[in-house]
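Working through the structure, step by step
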Amino acid sequence: MTELVETQRPAHGRRVLILVENLPSPFDRRVWQEATTLVAHGYQVSIICPTGKGYELPYELIDSIHIYRYNLPNEGEGALGYLLEYSAALWHTFRLAYKVRRERGFDVIQACNPPDLLFLVGGFFKRFYGSRFVFDHHDINPELYEAKFGRRDLLWKLMVWLERQTFRTADVSIATNESYRQIALERGGMRADRVFVVRSGPKLDRLKIQPPKPELKRGRRFLVGYVGVMGKQEGIDYLLRAARHIVHELKRDDVHFGLVGGGTSLEEMQQLAGQLGLADHVTFTGRVPDAELLDMLNTADVCVNPDVANDMNDKSTMNKIMEYMALGKPIVQFDLAEGRFSAQEASLYAARNDAVDMAHKIVALLDDPERRLHMGQFGRNRVEHELEWRYEVPKLLRAYETLWT
């Protein structure tokens, strides 16, 4: 599909520095797709990010991208934990930005939130060195704070203020969907011609359909798959309660659950599975390489997205949804606006935050192989013809071209 990008002008060696705090590169798929796309179109790219499991080296050169990493304290829990984590990240990001400037230089800083503190780095180099600043809006942090802590207090007001300052500092903002674009326009006060929707479309050369691994079903007929973060707003507790209803109330001993991913709630969710009498029916893999993730999803008969129905998740596009679709899997999720936009007929939609309704929709799909096939084919076709990353490439390049117009 070269016609999608052939109208874009080459970058003539312009240099980009990407800032990431919550995931290491190249593990963060959106950031890595953006970085490799920019390199393929003539930009020179450096990334500053934290270390992580399998990504411990302080410096690496991968696919012509220079990656500078720093160590962080344990992932934050509560206000004090986040203060320590974000303060350390800000210090290391400033330190390494100066290092990159000396060694390689940069014309653009692209900051990927959370947190909404990286505008301090982008704004500093914009003011004193003339760098452009791009805000890549991954999470709506005021809504994220409310989802985690259930209140709108002084810290919530601080989140709103930091978000506003980030948008005010940005020359261009990149939104992951139309809901985020409206936030940039309305709450951020940005001009419409400076906000670009660049969705986190999957790459089909990574998400390959492969034969299932029957052993992952642990001797049972069906496997229900999940991939994603194990955090409070991801609703793993709802999924486990749906699993309990399936196993103990509906007496379905033929269903196993495979949950892929790590996070601050992983241990808590493992304990909850035991308390609900599901220890023999649920596999928690933790964070694993792509090969193991793909094995689980390719083996799954149904994939689930139990993200809690709240204001944040309603407006957010979840990568897992499009990854399920790319692999041709039918989905069950709570009825969320952006989730419904992405999946359409590839998903059934349970009543919001209703674990029992989710359980019944999962079982309905497990017992209807023809419907599963139709939904999976619809999702795969939607990715191939509308949502794959190649359709987002021209939008990303246009956003960058706007920096010099």
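Residues numbered from 1 in each chain as written. Predicted model: local features only at pLDDT ≥ 70, side-chain atom pairs only at ≥ 80, totals over all residues. Heavy atoms only, no water.

A turn of α-helix holds 3.6 residues, and therefore any two residues three or four places apart point the same way. In this model, helix α7 (residues 236-249) (14 residues) spans 19 Å end to end at C-alpha, consistent with the 20 Å of a helix rising 1.5 Å per residue. Buried residues along α7 sit against β9 (222-227), β10 (255-260), α8 (266-275), β11 (282-286), β12 (302-305) and α13 (355-366). Once α7 ends, the next one or two residues include K251, with phi positive near 60°. (Helix = DSSP H or I, 4+ residues; strand = E, 2+ residues; numbered from the N terminus. Expected span 1.5 Å × (residues − 1). Contact = heavy atoms within 4.5 Å.)

In this structure the tally under the stated criterion is 31 salt bridges. The salt bridge partner of R69 is E60, with a shortest N-O separation of 2.8 Å. Taking relative accessible area as the criterion, R69 reaches 4% and is therefore assigned buried. Note that R380 and E384 form a salt bridge whose closest N and O atoms lie 3.0 Å from each other. (Salt bridge = Lys/Arg side-chain N within 4 Å of Asp/Glu carboxyl O. Buried < 20%, exposed > 50% of the residue type's maximum accessible area, 1.4 Å probe, protein only.)

In spatial order, the strands read β11-β10-β9-β12-β13-β14; together these 6 strands make up an open sheet with parallel pairing. Each edge of the sheet is formed by a strand with only one pairing partner; in this case those strands are β11 and β14 (347-350). Across the sheet, the axes of successive neighbouring strands diverge by a mean angle of 25°, strand direction being ignored. Alignment of β10 against β11, held across 4 bridges, turns out to be parallel. Each residue of the ladder has a partner; that of F257, found in β11, is V282. The sheet contacts of α7 involve β9, β10, β11, β12 and β13 (331-334), and relative to β10 the element is tilted by about 170°. On top of the sheet, α13 reaches β9, β10, β12, β13 and β14; it is set at about 165° to β13, its chief contact. (Pairing = 2+ DSSP bridges. Axes fitted to C-alpha atoms, helices over the stretch in contact; angles between N-to-C directions.)

Note that all results are geometric; they support no functional claim without further evidence.
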